[in-house]
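# A look at the structure
Chain by chain, the residues run as shown.
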Amino acid sequence: WNNRIMIATSADGLTFVRENVVLSDQADVPDLVMTSDGRIFLYYLGWTAGSELNKVVAAVSDDQGKSWVYKWVALSGFEGMSAPVDPDVQLLADGTFRLYLTADPNDGEGPQTYCATGTDGFAFAKSGVAFASPGNQVLDPTTYYAAGTWHLFAGGKSDGGEWHATSVDGLSFDDAGEAAFEIGGAGCAAANVVPVDGGWRLYAFV
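I will try to describe carefully the structure that is included in this document. The shown structure was predicted, so the numbers you read here are calculated from the model rather than taken from an experiment.

Within the structure shown, the criterion is met by 12 aromatic pairs. Measuring from ring centre to ring centre gives 6.4 Å for Phe-41 and Tyr-43, while their planes differ by 15°; the resulting arrangement is stacked. By relative accessible area, which is 0% here, Tyr-43 ends up buried. Ring plane angle 80° and centroid distance 6.0 Å describe the contact between Tyr-43 and Phe-124, whose orientation is recorded as edge-to-face. Here the residue Tyr-43 occupies a position in strand S4 (residues 40-49), and Phe-124 occupies one in strand S11 (residues 123-131), the gap between them amounting to 81 residues. No difference in accessibility class separates Tyr-43 from Phe-124, as the two residues are buried. An aromatic cluster of at least three residues, connected via ring pairs, comprises Phe-41, Tyr-43, Phe-97, Phe-122 and Phe-124. A cation over an aromatic ring shows up here: Arg-98 above the ring of Trp-150, its NZ or CZ 5.1 Å from the ring centre. The aromatic ring of Phe-78 is capped on one face by Lys-126, whose charged end is 5.7 Å from the ring centroid.

Here's what the structure looks like:
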């Protein structure tokens, strides 16, 4: 409730300039994709979206981020669970939208990462549990696909490290051991991974 999403731009992905534009107030955990026709879908968590708290919202732009239209995201299959949060989006080669989300089935085993899919970017159906560690918290997923393998990072480990899990299909992940990231000697959490020339770039936050 006490965060806001602002816009910044960069030519190289390393140095960003603030545009002094608030995309959404009382919002957090943004992640975006761009479709083949240049449409931007930005998913985030809105503190007050209609009458619901912590609801996933999609902000859509058809003019390279100059203007935005805001839509509620419909997530079916999560009834009886905690509200699905922390959206991480992937746009598949066939145009399918895939969301990874944190939700708690209220079974005493803690929150898990779930997968939901959709075709229009606004309505998604739960596909199932993507990654879980019974009795532990799995929070705020970050995913990417490289060299035939899906990777997932998530927070919530009791020692402050990051979960690392891998998958061949991106739907069901297996524990691949702990991942540890540091910035200036301080532990940090993965926020996004993007492809760059010659490899991948990880954005993280302390």
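Before going further, it helps to examine the sheet that holds strand S13 (residues 149-155). Taken in spatial order, the 4 strands make up an open sheet running S12-S13-S14-S15, and their pairing is antiparallel. Of all strands in the sheet, those bounded by a partner on one side alone are strand S12 (139-146) and strand S15 (174-179). Taken pair by pair, the neighbouring strands of this sheet meet at an average axis angle of 25°, ignoring direction. Here strand S14 (residues 162-167) runs beside S15; their pairing, made up of 4 bridges, is antiparallel. Following the sheet pairing, Glu-162 is matched in S15 by Ala-179.

Right, let's talk about the nonpolar core for a bit. The nonpolar side chains of a soluble globular protein tend to be buried, and buried together. The biggest cluster of nonpolar side chains holds 20 residues, and the ones touching the most others in it are Tyr-43, Val-73, Leu-75, Phe-78, Leu-99 and Phe-124. Elements supplying a minimum of two residues to this core: S4, strand S5 (52-61), strand S8 (85-91), strand S9 (97-103) and strand S10 (112-118). Counting residues per element, this core draws most heavily on S9, at 4 residues. Sequence-distant contacts of Val-73, defined by excluding residues within four places in its chain, comprise Tyr-43, Lys-55, Val-56, Val-57, Ala-58, Leu-99, Phe-122 and Phe-124.

Another point: the pattern of salt bridges. One pass over the structure, following the stated rule, counts 3 salt bridges. Of the charged contacts in the structure, one is a salt bridge between Lys-157 and Glu-178, with a shortest N-O distance of 3.8 Å. Of this pair, Lys-157 sits in the loop between S13 and S14 while Glu-178 sits in strand S15; the two residues are 21 residues apart in sequence, bridging distant segments of the chain.

For the rest of this paragraph, the subject is the sheet that holds S11. Strand order in the open sheet formed by 5 strands is S7-S11-S10-S9-S8, with mixed pairing between adjacent strands. The open sheet has two edge strands with one neighbour each: strand S7 (74-76) and S8. Taking the axes of each pair of neighbouring strands and ignoring which way they run, one obtains an average angle of 35° across the sheet.

Rules used in this analysis
Residues numbered from 1 in each chain as written. Predicted model: local features only at pLDDT ≥ 70, side-chain atom pairs only at ≥ 80, totals over all residues. Heavy atoms only, no water. Phe/Tyr/Trp six-rings, centres within 6.5 Å; stacked < 30°, edge-to-face > 60°. Buried < 20%, exposed > 50% of the residue type's maximum accessible area, 1.4 Å probe, protein only. Helix = DSSP H or I, 4+ residues; strand = E, 2+ residues; numbered from the N terminus. Lys NZ or Arg CZ within 6 Å of the ring centre and 35° of its normal. Pairing = 2+ DSSP bridges. Axes fitted to C-alpha atoms, helices over the stretch in contact; angles between N-to-C directions. Core = buried A, V, L, I, M, F, W, Y, C linked by side-chain atoms within 4.5 Å. Contact = heavy atoms within 4.5 Å. Salt bridge = Lys/Arg side-chain N within 4 Å of Asp/Glu carboxyl O.

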